[in-house]
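Report on the structure
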Amino acid sequence: MPTNTRAEVENDSQTSVQEQWLERGRNVLMETYASFPVVLASGKGSYVEDVNGKKYLDFCSGIAVNSLGHCNEDYMQALTKQLSTLVHCSNLYLNKPAIQLAEALLEGSAFDKAFFCNSGAEAIEGSLKLSRKYAKETKGEYCNKILTMTNSFHGRTYGALSATGQKKYQAGFSPLVPDFETATFNDFESVSQWDGQTIAAIVVEPIQGEGGVHAVDREFLQQIRNYCDREKVVLVFDEIQCGAGRTGKFFAYEQFGVAPDVIAMAKGLGGGFPIGAILAKAEIAKAFKPGDHGTTFGGNPLACTAALTCVETIKEPAFLEAVESKGKHLLSRLQELAAKNDKIKEIRGMGLMLGVEFTEPVKPIINACIEAGLLLIGAGEKVVRILPPLTVTVEEIDAAVEIFERASRKD
(Lines give C-alpha, C1' and ligand atoms only; values in the text may rest on other atoms or scores of the structure.)
Protein backbone atom coordinates (compact mmCIF):
# COMPACT_ATOMS: atom_id res chain seq x y z
CA MET A 1 0.00 0.00 0.00
CA PRO A 2 1.51 3.40 -0.99
CA THR A 3 2.25 5.82 1.82
CA ASN A 4 1.29 9.47 1.78
CA THR A 5 4.02 11.98 1.17
CA ARG A 6 4.91 14.44 3.92
CA ALA A 7 3.18 17.25 1.97
CA GLU A 8 0.02 15.15 1.64
CA VAL A 9 0.03 14.34 5.35
CA GLU A 10 0.53 18.02 6.23
CA ASN A 11 -2.24 19.02 3.84
CA ASP A 12 -4.61 16.45 5.39
CA SER A 13 -3.69 17.76 8.82
CA GLN A 14 -4.31 21.36 7.79
CA THR A 15 -7.63 20.49 6.17
CA SER A 16 -8.75 18.75 9.32
CA VAL A 17 -8.00 21.87 11.41
CA GLN A 18 -10.27 23.98 9.22
CA GLU A 19 -12.93 21.28 9.07
CA GLN A 20 -12.90 20.98 12.85
CA TRP A 21 -13.48 24.70 13.26
CA LEU A 22 -16.18 24.72 10.57
CA GLU A 23 -17.97 21.89 12.33
CA ARG A 24 -17.73 23.66 15.68
CA GLY A 25 -19.17 26.77 14.07
CA ARG A 26 -22.05 24.87 12.48
CA ASN A 27 -22.89 23.37 15.86
CA VAL A 28 -23.27 26.68 17.69
CA LEU A 29 -23.87 29.58 15.27
CA MET A 30 -27.20 30.44 13.68
CA GLU A 31 -27.14 30.12 9.90
CA THR A 32 -28.01 33.72 9.07
CA TYR A 33 -25.20 33.87 6.50
CA ALA A 34 -24.27 31.42 3.78
CA SER A 35 -20.69 31.60 4.97
CA PHE A 36 -17.77 30.48 2.84
CA PRO A 37 -15.92 27.40 4.17
CA VAL A 38 -13.05 29.49 5.52
CA VAL A 39 -12.18 30.20 9.16
CA LEU A 40 -10.01 33.30 9.43
CA ALA A 41 -7.45 33.59 12.20
CA SER A 42 -5.38 36.75 11.63
CA GLY A 43 -4.74 39.67 9.33
CA LYS A 44 -2.15 42.30 8.45
CA GLY A 45 -2.61 45.13 5.97
CA SER A 46 -4.53 43.88 2.94
CA TYR A 47 -4.03 40.19 3.82
CA VAL A 48 -5.78 37.71 6.07
CA GLU A 49 -4.78 34.19 7.05
CA ASP A 50 -7.02 31.21 7.82
CA VAL A 51 -6.55 28.58 10.52
CA ASN A 52 -4.63 26.45 8.02
CA GLY A 53 -2.09 29.23 7.48
CA LYS A 54 -3.33 30.02 3.95
CA LYS A 55 -3.07 33.72 3.03
CA TYR A 56 -5.68 35.68 1.09
CA LEU A 57 -5.76 39.15 -0.39
CA ASP A 58 -8.78 40.68 1.34
CA PHE A 59 -10.76 42.64 -1.25
CA CYS A 60 -13.90 42.37 0.84
CA SER A 61 -12.40 44.17 3.88
CA GLY A 62 -15.19 43.03 6.15
CA ILE A 63 -17.79 44.42 3.68
CA ALA A 64 -16.18 47.88 3.45
CA VAL A 65 -15.34 47.94 7.18
CA ASN A 66 -11.54 47.51 7.49
CA SER A 67 -10.80 50.91 6.00
CA LEU A 68 -7.23 51.03 7.34
CA GLY A 69 -6.60 47.36 6.65
CA HIS A 70 -5.87 44.79 9.31
CA CYS A 71 -3.82 45.56 12.44
CA ASN A 72 -2.90 49.11 11.45
CA GLU A 73 -0.22 50.26 13.89
CA ASP A 74 -1.71 53.68 14.72
CA TYR A 75 -5.14 52.11 15.13
CA MET A 76 -3.89 49.42 17.50
CA GLN A 77 -1.87 51.88 19.56
CA ALA A 78 -4.81 54.25 19.97
CA LEU A 79 -7.14 51.44 21.02
CA THR A 80 -4.61 49.93 23.42
CA LYS A 81 -4.05 53.29 25.09
CA GLN A 82 -7.80 53.92 25.44
CA LEU A 83 -8.39 50.36 26.67
CA SER A 84 -6.13 51.11 29.63
CA THR A 85 -7.82 54.46 30.30
CA LEU A 86 -11.64 54.31 29.97
CA VAL A 87 -13.73 51.81 28.01
CA HIS A 88 -17.32 52.67 28.91
CA CYS A 89 -19.17 55.23 30.99
CA SER A 90 -22.69 55.44 29.42
CA ASN A 91 -24.23 58.51 27.83
CA LEU A 92 -25.29 59.86 31.23
CA TYR A 93 -21.81 61.41 31.13
CA LEU A 94 -19.78 62.90 28.29
CA ASN A 95 -16.39 61.50 27.31
CA LYS A 96 -13.47 63.08 25.49
CA PRO A 97 -13.17 60.67 22.50
CA ALA A 98 -16.88 61.12 21.64
CA ILE A 99 -16.56 64.90 21.67
CA GLN A 100 -13.37 64.76 19.61
CA LEU A 101 -14.94 62.37 17.10
CA ALA A 102 -18.01 64.56 16.69
CA GLU A 103 -15.80 67.59 16.13
CA ALA A 104 -13.70 65.74 13.54
CA LEU A 105 -16.75 64.48 11.64
CA LEU A 106 -18.64 67.78 11.65
CA GLU A 107 -15.68 69.95 10.66
CA GLY A 108 -16.02 70.97 7.03
CA SER A 109 -19.26 69.03 6.64
CA ALA A 110 -22.86 70.10 5.99
CA PHE A 111 -23.88 69.04 9.52
CA ASP A 112 -23.97 70.53 13.00
CA LYS A 113 -24.74 67.72 15.45
CA ALA A 114 -23.78 64.05 15.88
CA PHE A 115 -25.26 60.99 17.56
CA PHE A 116 -23.27 57.77 17.97
CA CYS A 117 -24.67 54.25 18.02
CA ASN A 118 -23.37 50.73 17.32
CA SER A 119 -24.16 49.84 13.71
CA GLY A 120 -25.49 50.95 10.35
CA ALA A 121 -28.96 49.59 11.03
CA GLU A 122 -29.09 51.58 14.27
CA ALA A 123 -27.97 54.70 12.42
CA ILE A 124 -30.83 54.22 9.95
CA GLU A 125 -33.33 53.56 12.74
CA GLY A 126 -32.27 56.72 14.53
CA SER A 127 -32.42 58.74 11.31
CA LEU A 128 -35.97 57.53 10.67
CA LYS A 129 -37.06 58.43 14.21
CA LEU A 130 -35.45 61.86 13.99
CA SER A 131 -37.09 62.56 10.62
CA ARG A 132 -40.54 61.57 11.80
CA LYS A 133 -40.22 63.59 15.01
CA TYR A 134 -39.16 66.65 13.02
CA ALA A 135 -41.98 66.16 10.49
CA LYS A 136 -44.63 65.89 13.20
CA GLU A 137 -43.35 69.10 14.82
CA THR A 138 -43.21 71.06 11.57
CA LYS A 139 -45.98 69.62 9.37
CA GLY A 140 -48.37 67.85 11.71
CA GLU A 141 -49.09 64.62 13.54
CA TYR A 142 -50.09 62.68 10.42
CA CYS A 143 -46.95 63.35 8.36
CA ASN A 144 -45.60 59.80 8.68
CA LYS A 145 -44.51 58.43 5.31
CA ILE A 146 -40.90 57.50 4.59
CA LEU A 147 -40.02 57.32 0.90
CA THR A 148 -37.19 54.96 -0.06
CA MET A 149 -35.76 53.69 -3.34
CA THR A 150 -36.08 50.50 -5.35
CA ASN A 151 -33.08 48.18 -5.11
CA SER A 152 -31.98 49.79 -1.84
CA PHE A 153 -30.68 48.12 1.30
CA HIS A 154 -30.71 49.77 4.71
CA GLY A 155 -30.31 46.99 7.28
CA ARG A 156 -31.91 44.03 9.03
CA THR A 157 -33.86 45.58 11.93
CA TYR A 158 -37.58 46.10 11.37
CA GLY A 159 -37.45 49.80 10.53
CA ALA A 160 -34.38 49.43 8.33
CA LEU A 161 -35.86 46.33 6.70
CA SER A 162 -39.10 48.18 6.00
CA ALA A 163 -37.07 50.93 4.34
CA THR A 164 -35.23 48.40 2.13
CA GLY A 165 -36.53 48.35 -1.44
CA GLN A 166 -35.86 44.66 -2.13
CA LYS A 167 -38.63 42.14 -1.45
CA LYS A 168 -36.19 39.23 -1.10
CA TYR A 169 -34.90 40.63 2.20
CA GLN A 170 -38.42 41.18 3.55
CA ALA A 171 -39.86 37.74 2.74
CA GLY A 172 -41.12 35.94 5.83
CA PHE A 173 -41.03 38.97 8.14
CA SER A 174 -44.40 40.63 7.55
CA PRO A 175 -46.09 42.65 8.79
CA LEU A 176 -43.44 45.30 8.30
CA VAL A 177 -43.44 48.76 9.82
CA PRO A 178 -46.24 50.78 8.16
CA ASP A 179 -46.01 54.00 6.13
CA PHE A 180 -42.95 53.12 4.07
CA GLU A 181 -43.30 53.71 0.32
CA THR A 182 -40.91 52.96 -2.54
CA ALA A 183 -39.98 55.24 -5.43
CA THR A 184 -37.92 54.25 -8.44
CA PHE A 185 -34.20 54.92 -8.07
CA ASN A 186 -33.03 57.65 -10.46
CA ASP A 187 -36.61 58.44 -11.59
CA PHE A 188 -37.79 61.76 -10.16
CA GLU A 189 -41.31 61.40 -11.57
CA SER A 190 -41.85 58.46 -9.24
CA VAL A 191 -40.90 60.74 -6.33
CA SER A 192 -42.86 63.83 -7.35
CA GLN A 193 -46.14 61.90 -7.59
CA TRP A 194 -46.29 61.85 -3.79
CA ASP A 195 -47.91 64.64 -1.82
CA GLY A 196 -44.99 66.24 -0.02
CA GLN A 197 -47.17 67.13 2.97
CA THR A 198 -47.46 63.41 3.77
CA ILE A 199 -43.73 62.63 3.37
CA ALA A 200 -41.54 62.94 6.47
CA ALA A 201 -38.29 61.80 4.82
CA ILE A 202 -36.70 60.49 1.64
CA VAL A 203 -33.84 58.00 2.11
CA VAL A 204 -31.22 57.55 -0.63
CA GLU A 205 -27.96 55.64 -0.95
CA PRO A 206 -25.57 57.74 -3.11
CA ILE A 207 -24.14 54.41 -4.24
CA GLN A 208 -26.26 51.30 -3.71
CA GLY A 209 -23.98 48.57 -2.36
CA GLU A 210 -26.07 45.45 -1.77
CA GLY A 211 -28.23 46.49 -4.71
CA GLY A 212 -25.41 45.96 -7.22
CA VAL A 213 -23.14 49.03 -6.91
CA HIS A 214 -25.35 51.56 -8.69
CA ALA A 215 -24.56 55.27 -8.33
CA VAL A 216 -27.27 57.88 -8.08
CA ASP A 217 -27.67 60.34 -10.96
CA ARG A 218 -26.52 63.84 -10.03
CA GLU A 219 -29.59 65.43 -11.68
CA PHE A 220 -31.96 63.08 -9.84
CA LEU A 221 -30.30 63.93 -6.54
CA GLN A 222 -30.59 67.66 -7.18
CA GLN A 223 -34.27 67.26 -8.10
CA ILE A 224 -34.89 65.42 -4.82
CA ARG A 225 -32.98 68.11 -2.90
CA ASN A 226 -35.19 70.80 -4.46
CA TYR A 227 -38.34 68.79 -3.70
CA CYS A 228 -37.31 68.30 -0.07
CA ASP A 229 -36.56 72.00 0.35
CA ARG A 230 -39.91 72.98 -1.16
CA GLU A 231 -41.98 70.44 0.81
CA LYS A 232 -39.96 70.56 4.07
CA VAL A 233 -39.06 66.87 3.72
CA VAL A 234 -35.96 65.55 5.49
CA LEU A 235 -33.41 64.22 3.01
CA VAL A 236 -31.46 61.28 4.49
CA PHE A 237 -28.41 59.75 2.87
CA ASP A 238 -27.37 56.22 3.74
CA GLU A 239 -23.57 56.35 3.48
CA ILE A 240 -23.05 53.29 5.63
CA GLN A 241 -21.09 51.50 2.91
CA CYS A 242 -20.08 54.28 0.50
CA GLY A 243 -18.96 56.87 3.07
CA ALA A 244 -15.81 57.33 5.18
CA GLY A 245 -13.51 57.85 2.21
CA ARG A 246 -14.47 54.89 0.07
CA THR A 247 -15.27 56.97 -3.03
CA GLY A 248 -12.18 59.19 -2.75
CA LYS A 249 -14.06 61.87 -0.80
CA PHE A 250 -14.73 61.54 2.90
CA PHE A 251 -18.49 61.82 2.35
CA ALA A 252 -19.91 60.30 -0.81
CA TYR A 253 -22.30 63.24 -1.16
CA GLU A 254 -19.27 65.41 -1.98
CA GLN A 255 -18.98 63.52 -5.27
CA PHE A 256 -22.44 64.70 -6.33
CA GLY A 257 -22.56 68.29 -5.07
CA VAL A 258 -25.77 67.70 -3.10
CA ALA A 259 -25.81 67.55 0.69
CA PRO A 260 -28.54 65.82 2.72
CA ASP A 261 -30.11 67.01 5.97
CA VAL A 262 -29.19 63.81 7.79
CA ILE A 263 -26.55 61.18 7.07
CA ALA A 264 -26.19 57.65 8.44
CA MET A 265 -22.68 56.22 8.67
CA ALA A 266 -21.04 53.03 9.99
CA LYS A 267 -18.83 50.26 8.52
CA GLY A 268 -15.53 51.92 7.52
CA LEU A 269 -16.09 54.68 10.08
CA GLY A 270 -14.77 52.41 12.85
CA GLY A 271 -12.20 50.48 10.83
CA GLY A 272 -13.38 47.20 12.37
CA PHE A 273 -14.70 48.40 15.70
CA PRO A 274 -18.54 48.51 15.76
CA ILE A 275 -19.81 52.08 15.58
CA GLY A 276 -22.53 53.96 13.75
CA ALA A 277 -23.19 57.67 13.48
CA ILE A 278 -26.01 60.04 12.62
CA LEU A 279 -24.98 63.53 11.55
CA ALA A 280 -27.69 66.16 11.13
CA LYS A 281 -28.25 69.81 10.46
CA ALA A 282 -29.04 71.81 13.60
CA GLU A 283 -32.67 72.51 12.64
CA ILE A 284 -33.38 68.79 12.27
CA ALA A 285 -31.26 67.67 15.23
CA LYS A 286 -33.16 69.83 17.71
CA ALA A 287 -36.26 67.66 17.20
CA PHE A 288 -34.62 65.10 19.50
CA LYS A 289 -35.20 65.96 23.15
CA PRO A 290 -33.81 64.10 26.20
CA GLY A 291 -35.53 60.71 26.36
CA ASP A 292 -36.48 60.59 22.66
CA HIS A 293 -33.63 58.29 21.65
CA GLY A 294 -30.66 56.56 23.22
CA THR A 295 -28.18 53.69 23.26
CA THR A 296 -26.27 51.98 26.04
CA PHE A 297 -23.02 51.33 24.19
CA GLY A 298 -23.15 53.96 21.45
CA GLY A 299 -20.46 56.63 21.69
CA ASN A 300 -18.39 54.75 24.24
CA PRO A 301 -14.75 55.90 24.52
CA LEU A 302 -13.27 52.77 22.94
CA ALA A 303 -15.46 52.84 19.83
CA CYS A 304 -15.00 56.58 19.42
CA THR A 305 -11.23 56.25 19.73
CA ALA A 306 -11.24 53.66 16.94
CA ALA A 307 -13.38 55.87 14.72
CA LEU A 308 -11.39 59.02 15.53
CA THR A 309 -8.20 57.29 14.39
CA CYS A 310 -9.90 56.34 11.12
CA VAL A 311 -11.44 59.77 10.55
CA GLU A 312 -8.21 61.68 11.24
CA THR A 313 -6.29 59.37 8.88
CA ILE A 314 -8.85 59.22 6.08
CA LYS A 315 -9.65 62.95 6.08
CA GLU A 316 -6.08 63.85 5.21
CA PRO A 317 -6.10 65.23 1.62
CA ALA A 318 -3.15 63.07 0.58
CA PHE A 319 -4.90 59.93 1.84
CA LEU A 320 -8.11 60.72 -0.09
CA GLU A 321 -6.11 61.59 -3.21
CA ALA A 322 -4.42 58.19 -2.95
CA VAL A 323 -7.80 56.43 -2.64
CA GLU A 324 -9.02 58.24 -5.74
CA SER A 325 -5.85 57.41 -7.65
CA LYS A 326 -5.91 53.73 -6.64
CA GLY A 327 -9.60 53.58 -7.53
CA LYS A 328 -8.84 54.84 -11.02
CA HIS A 329 -6.05 52.29 -11.36
CA LEU A 330 -8.35 49.46 -10.26
CA LEU A 331 -11.06 50.61 -12.67
CA SER A 332 -8.56 50.80 -15.53
CA ARG A 333 -7.29 47.28 -14.85
CA LEU A 334 -10.85 45.94 -14.71
CA GLN A 335 -11.73 47.70 -17.96
CA GLU A 336 -8.73 46.03 -19.60
CA LEU A 337 -10.03 42.72 -18.31
CA ALA A 338 -13.55 43.45 -19.60
CA ALA A 339 -12.22 44.17 -23.08
CA LYS A 340 -10.94 40.58 -23.21
CA ASN A 341 -13.87 38.87 -21.50
CA ASP A 342 -17.30 38.93 -23.14
CA LYS A 343 -18.86 37.57 -19.93
CA ILE A 344 -18.41 40.99 -18.32
CA LYS A 345 -21.43 43.19 -18.97
CA GLU A 346 -20.59 46.36 -17.06
CA ILE A 347 -18.25 47.86 -14.45
CA ARG A 348 -19.78 50.36 -12.04
CA GLY A 349 -18.92 52.34 -8.95
CA MET A 350 -16.52 54.94 -7.68
CA GLY A 351 -13.18 54.99 -5.88
CA LEU A 352 -12.52 51.70 -4.11
CA MET A 353 -16.15 50.59 -4.31
CA LEU A 354 -16.61 48.85 -7.65
CA GLY A 355 -19.02 46.28 -9.02
CA VAL A 356 -18.39 43.99 -11.99
CA GLU A 357 -21.59 42.71 -13.56
CA PHE A 358 -21.40 39.43 -15.48
CA THR A 359 -23.84 37.81 -17.87
CA GLU A 360 -24.00 34.76 -15.61
CA PRO A 361 -24.05 33.97 -11.86
CA VAL A 362 -20.81 34.96 -10.13
CA LYS A 363 -20.71 32.48 -7.26
CA PRO A 364 -18.34 30.11 -9.14
CA ILE A 365 -16.02 33.06 -9.85
CA ILE A 366 -15.97 34.12 -6.21
CA ASN A 367 -15.30 30.53 -5.12
CA ALA A 368 -12.45 30.23 -7.64
CA CYS A 369 -10.95 33.46 -6.33
CA ILE A 370 -11.07 32.16 -2.76
CA GLU A 371 -9.32 28.97 -3.87
CA ALA A 372 -6.63 31.12 -5.51
CA GLY A 373 -6.20 33.37 -2.47
CA LEU A 374 -8.49 36.37 -3.11
CA LEU A 375 -11.58 37.29 -1.07
CA LEU A 376 -14.43 38.98 -2.92
CA ILE A 377 -18.18 39.20 -2.34
CA GLY A 378 -21.28 39.39 -4.50
CA ALA A 379 -23.92 42.08 -4.81
CA GLY A 380 -26.80 40.12 -6.21
CA GLU A 381 -26.60 37.04 -8.39
CA LYS A 382 -24.49 38.46 -11.21
CA VAL A 383 -22.34 41.20 -9.65
CA VAL A 384 -18.95 40.86 -7.97
CA ARG A 385 -18.31 43.63 -5.44
CA ILE A 386 -14.73 44.80 -4.96
CA LEU A 387 -14.02 46.58 -1.65
CA PRO A 388 -10.32 46.50 -0.73
CA PRO A 389 -8.97 48.36 2.32
CA LEU A 390 -8.41 52.04 1.57
CA THR A 391 -4.74 51.41 2.38
CA VAL A 392 -4.36 48.83 -0.41
CA THR A 393 -1.29 49.24 -2.64
CA VAL A 394 -1.15 49.39 -6.43
CA GLU A 395 0.87 46.16 -6.41
CA GLU A 396 -1.84 44.43 -4.38
CA ILE A 397 -4.49 45.70 -6.79
CA ASP A 398 -2.54 44.26 -9.72
CA ALA A 399 -2.14 40.91 -7.94
CA ALA A 400 -5.86 40.77 -7.17
CA VAL A 401 -6.87 41.61 -10.74
CA GLU A 402 -4.61 38.84 -12.07
CA ILE A 403 -6.33 36.29 -9.82
CA PHE A 404 -9.75 37.71 -10.72
CA GLU A 405 -8.95 37.50 -14.43
CA ARG A 406 -7.95 33.83 -14.22
CA ALA A 407 -11.02 32.97 -12.14
CA SER A 408 -13.46 34.86 -14.35
CA ARG A 409 -12.22 33.21 -17.55
CA LYS A 410 -12.75 29.67 -16.24
CA ASP A 411 -15.65 27.76 -17.75
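Details of the structure are given in the entry above.
First things first, this report covers the structure right here in the doc. Here the residue index of a chain counts from 1 through its sequence in written order. For a predicted model such as this one, the threshold for reporting local features is a pLDDT of at least 70, and the threshold for listing and counting side-chain atom pairs is 80 or more; totals across whole chains, interfaces and linings nevertheless cover every residue. The basis for the side-chain values is all heavy atoms of the structure; hydrogens and waters are excluded.

**Some words on the layout of surface pockets**
- Buried and open spaces are told apart on a 1 Å grid over the protein atoms alone, a cavity being a set of points where a 1.4 Å probe fits but cannot get out and a pocket being an open set with protein on both sides within 12 Å along at least five of seven lines. Residues with an atom within 4 Å of a point are the lining residues. Grid points are joined across faces, edges and corners, and a volume is the space filled by probe spheres set on the points. In this structure, the second largest pocket spans a volume of roughly 830 Å³.
- Forming the walls of the second largest pocket are 28 residues, and the residues nearest its centre are Asn91, Leu94, Ala114, Phe115 and Phe116.
- Comment: elements are numbered from the N terminus, with helices defined as DSSP H or I runs of at least four residues and strands as E runs of at least two. Secondary-structure elements contributing two or more residues to the lining of the second largest pocket are α4 (96–106), β4 (113–117) and β12 (276–280).
- Residues of the lining of the second largest pocket, tallied by class, amount to 15 nonpolar, eight polar and five charged. Think of it as three bins: nonpolar holds Ala, Val, Leu, Ile, Met, Phe, Trp, Tyr, Cys and Pro, charged holds Asp, Glu, Lys and Arg, and polar takes everything else, Gly as well.

**Focus on the side chain of Gln208**
- Within the secondary structure, Gln208 sits in strand β8 (residues 207–208).
- Accessibility here uses a 1.4 Å probe with only protein chains present; expressed as a share of the type maximum, an area under 20% marks a residue as buried, one over 50% as exposed, and anything in between as partly exposed. Among the residues examined, Gln208 registers a relative accessible area of 1% and is labelled buried.
- When neighbours within four sequence positions are excluded, Gln208 is seen to be in contact with Met149, Thr150, Asn151, Ser152, Phe185, Val213, His214 and Met353. Only heavy atoms enter the contact rule, under which two residues are in contact if any of them lie within 4.5 Å.

**Let's talk about the sheet that holds strand β13 (residues 344–350)**
- In this description, strands pair whenever DSSP reports at least two bridges between them. Ordered by their spatial adjacency, four strands build an open sheet running β13-β14-β17-β16, and the pairing between neighbours is antiparallel. With partners counted over all chains shown, the strands left at the sheet margins are β13 and β16 (377–378), one partner each.
- As paired strands, β13 and strand β14 (residues 353–358) are joined by six bridges and run antiparallel to one another. Looking across to β14, one finds that Met350 is bridged to Met353.
- Axis angles are defined between N-to-C directions and span 0 to 180 degrees, where every axis is a line fitted to C-alpha atoms and, for a helix, only to the segment in contact. Most of the contacts of helix α12 (residues 317–340) go to β13, to which it runs at about 175°, and overall it touches β13, β14 and β17 (383–386).

**Quick word on the sheet that holds strand β2 (residues 47–50)**
- Spatial strand order, β1-β2-β3-β15: four strands in an open sheet with mixed pairing. Every other strand in the sheet has two partners, leaving β1 (40–44) and β15 (374–375) as the edge strands with one partner each.
- By the bridge criterion, two bridges tie strand β3 (residues 55–58) to β15 in an arrangement that is parallel. Of the residues in β15, the one forming a bridge with Asp58 is Leu375.

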